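# Understanding the architecture of this molecule
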Amino acid sequence: MSSLTGHRPRREPRSILPWLAVPALVVFVGFAVVPLVGVFALSFTTWDGIGTIHPSGLTSWRAVLTDPGLPHALWVTFLVMAVSWAVQTPLSILLGTFMAGRQRYRAVLGVVYFVPLMLSSAAIAIAYKALLDPNFGLGAGLKIHALSQDWLGRPGLAFGVVIFVVSWQFVPFHSLIYQGGVQQIPKSLYEAAQLDGAGRIRQFFSITLPQLKYTIITSSTLMVVGSLTFFDLIFILTEGGPGDATRVLALDMYKRAFQASLMGPASAIAVILVLVGLALALLLRRLGGRDAGASQLEGA
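The residue numbers shown here count from 1 along each chain, following its written sequence. Local features in this predicted model are restricted to residues of pLDDT 70 or higher, and side-chain atom pairs are both shown and tallied only at a pLDDT of 80 or more, whereas totals for entire chains, interfaces and linings draw on every residue. Just so you know, side-chain values use all the structure's heavy atoms and leave hydrogens and water out.

Per an unreviewed UniProt entry, the recorded name for the protein is Raffinose/stachyose/melibiose transport system permease protein, and the organism is Streptomyces pseudovenezuelae. UniProt positions are given in the numbering used here, feature names are shortened, and annotations may be inferred rather than shown by experiment. Here is the UniProt Subcellular location (unreviewed entry) comment for the protein, exactly as written: "Cell membrane".

Following this line, the structure appears as structure tokens:
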């Protein structure tokens, strides 16, 4: 029929959406995949960071895995991860739920809560280290004996300071995530609960928390994986001390690479960090059950 009329059949235009992902894919490969492959290759070499790279097989891996300090560094890393999650998650949920309400100054409060995240970890660590100095810090200036402790010189206090500073910096970010999650909950659920006579506390535990399941999974994944990379804040505050009380795996990697000039073992630790982070992310995703995005669309 088309040949009789002289018209050619119209071709369907090809979608350009896949091509829009090419720049992001190039950036991801160039700044994530290639460096990761390079670090993995370096873990099988001997290199001081300046001279010639010499292949050494499993020498670096053997040195790392037989190091008696590795289990302690792993323990401190997981301890920081667990305690910081236990502190940040409840605070973030409560603040996020509060900011999602109809408070008059909600926008101003949201900006104020977000200020710590805008500061660099190094600047925050320097400020807190000065404030907690037992001789010239906040406690000595205000003549308050309780604040004049040797906060960074005792293992338990130093660990507590690290958790406090980490939480102070990152709670605003996760509060923003939970604020968005709460705002996506259908208002009809709360209206039905009010008709049934449920108070705000009952609504929070019966509606808000269950509806935030996948938001909690997302936030927890960011917390857990992010805690594996805590370095600059701990390095400035305690340098892993006192003793090895706050020596996490990322700090151990830095000390091996740039203080001991052992790039091979440091690269092996970096690979371990990547594998641990990947395993934890997959575990949290498995705990989330079905796909979060699809479930939220169903609930909407």
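Take the packing of helix 3 (residues 22–42) against helix 15 (residues 263–287) next. Axes, fitted as lines to C-alpha atoms, cover a helix only where it is in contact. Angles between the N-to-C directions of the axes lie from 0 to 180 degrees. Only DSSP runs of H or I reaching four residues or more are called helices, and only runs of E reaching two or more are called strands; each is numbered from the N terminus. The contact between helix 3 and helix 15 brings their axes to 7 Å, and the two run at 130°. As the angle between them shows, helix 3 and helix 15 are arranged oblique. Of the two possible hands of crossing, helix 3 and helix 15 adopt the one that is left-handed. Within the contact between the two elements, helix 3 uses Leu-36, Val-39, Phe-40 and Leu-42 and helix 15 uses Gly-264, Ser-267, Ala-270, Val-271 and Val-274. The residue classification treats Ala, Val, Leu, Ile, Met, Phe, Trp, Tyr, Cys and Pro as nonpolar and Asp, Glu, Lys and Arg as charged. All others, Gly included, are polar. Looking at the contact of helix 3 with helix 15, its residues break down into seven nonpolar, two polar and no charged. An angle below 35 degrees is treated as roughly parallel, one above 145 as roughly antiparallel, one from 65 to 115 as roughly perpendicular, and anything else as oblique. Handedness of a crossing is defined here by the sense of rotation of the near helix relative to the far one, left-handed for an anticlockwise turn of less than a right angle and right-handed for a clockwise turn. The contact criterion used throughout is that any non-hydrogen atoms of two residues lie within 4.5 Å.

Right, let's talk about the UniProt feature "transmembrane region" (unreviewed entry) in the protein for a bit. Cross-referencing UniProt, the feature "transmembrane region" (unreviewed entry) maps to residues 20–42, 73–95, 107–128, 157–178, 214–237 and 257–284 in the present numbering. Secondary structure content for residues 20–42 is 96% helix and 0% strand, while the C-alpha to C-alpha distance between its ends is 34 Å. Here residues 73–95 runs as 100% helix and 0% strand, with 32 Å between its end C-alpha atoms.

Quick look at a nonpolar patch on the surface now. Grouping into patches uses exposed residues only, defined as over 30% relative accessible area, and leaves out salt-bridged ones; the cut-off is 9 Å for like charges and 5 Å for nonpolar side chains (Val, Leu, Ile, Met, Phe, Trp, Tyr). Accessible surface is estimated by sampling points in the Shrake-Rupley manner with a 1.4 Å probe; for residues, cover comes only from the protein chains shown. Salt bridge, as applied in this entry: a Lys or Arg side-chain nitrogen positioned within 4 Å of an Asp or Glu carboxyl oxygen. Residues Ile-16, Leu-17, Trp-19, Leu-20, Val-22 and Val-26 make up a contiguous nonpolar surface patch of about 690 Å² in total accessible area. For the nonpolar patch, the secondary-structure elements that each account for two or more residues are helix 2 (17–20) and helix 3. If one sorts the elements of the nonpolar patch by residue count, helix 2 sits on top with three residues.

With that out of the way, let us pick up the pattern of salt bridges. The final tally for this structure, using the stated rule, is four salt bridges. Between Arg-256 and Asp-252 there is a salt bridge, and its shortest N-O distance comes to 3.4 Å. Placement of both Arg-256 and Asp-252 in helix 14 (residues 249–259) is noted, with a separation of four residues, approximately one turn of the helix. Because the salt bridges share partners, they merge into one network encompassing Asp-67, Asp-244, Arg-247, Asp-252 and Arg-256.

Moving on: the confidence of the model for the protein. You can read pLDDT as the predictor saying how much it trusts each residue, on a scale of 0 to 100. With 91% of its residues at a pLDDT of at least 70, the protein reaches an overall mean of 86. Here residues 292–300 scores under 50 on pLDDT; set against residues more than four positions off or in separate chains, the count is seven contacts.

Before going further, it helps to examine the packing of aromatic side chains. Pairing of aromatic rings covers Phe, Tyr and Trp, the last counted by its six-membered ring, and requires centre-to-centre distances within 6.5 Å; plane angles under 30 degrees mean stacked, over 60 mean edge-to-face, and any other angle means tilted. Inspection of the entire model under this criterion finds ten aromatic pairs. Taking the centre distance of 6.3 Å and the plane angle of 40° together, the rings of Phe-44 and Trp-61 count as tilted. With Phe-44 in the loop between helix 3 and strand 1 (45–46) and Trp-61 in helix 4 (residues 59–65), this pair connects stretches of sequence that are 17 residues apart. Partly exposed residues are those whose accessible area sits between 20% and 50% of the maximum for their type, while under 20% is buried and over 50% is exposed, using a 1.4 Å probe and protein chains only. The exposure class of Trp-61 is buried, given its relative accessible area of 15%. Here the aromatic cluster, defined as three or more aromatic residues joined through ring pairs, consists of Phe-231, Phe-235, Tyr-254 and Phe-258.

Turning our eyes to something else, we now look at the environment of Leu-280. Inspection of the secondary structure assignment puts Leu-280 in helix 15. As for Leu-280 and Ser-219, which are separated by 61 residues in sequence, their C-alpha atoms are 13 Å apart. The residues contacting Leu-280, other than those within four sequence positions of it, are Phe-78, Met-81 and Val-224.

It is worth spelling out the side chain of Thr-208 at this point. Within the secondary structure, Thr-208 sits in helix 11 (residues 200–211). By relative accessible area, which is 3% here, Thr-208 ends up buried. At a separation of 2.7 Å, a polar atom in the side chain of Thr-208 contacts the side chain of Tyr-190. We call two N or O atoms a polar contact when they sit within 3.5 Å, provided that within protein one can donate a hydrogen and the other can accept it, with sequence-adjacent residues counted only if both atoms are side-chain atoms.

For Tyr-128, the position within the fold is in helix 7 (residues 121–131). For Tyr-128, a relative accessible area of 14% translates into the label buried. It is 17 Å that separates the C-alpha atoms of Tyr-128 and Pro-155, two residues lying 27 residues apart in sequence. In this structure, Tyr-128 is in contact with Phe-164, Val-165, Trp-168 and Leu-237, ignoring residues within four places of it in sequence.

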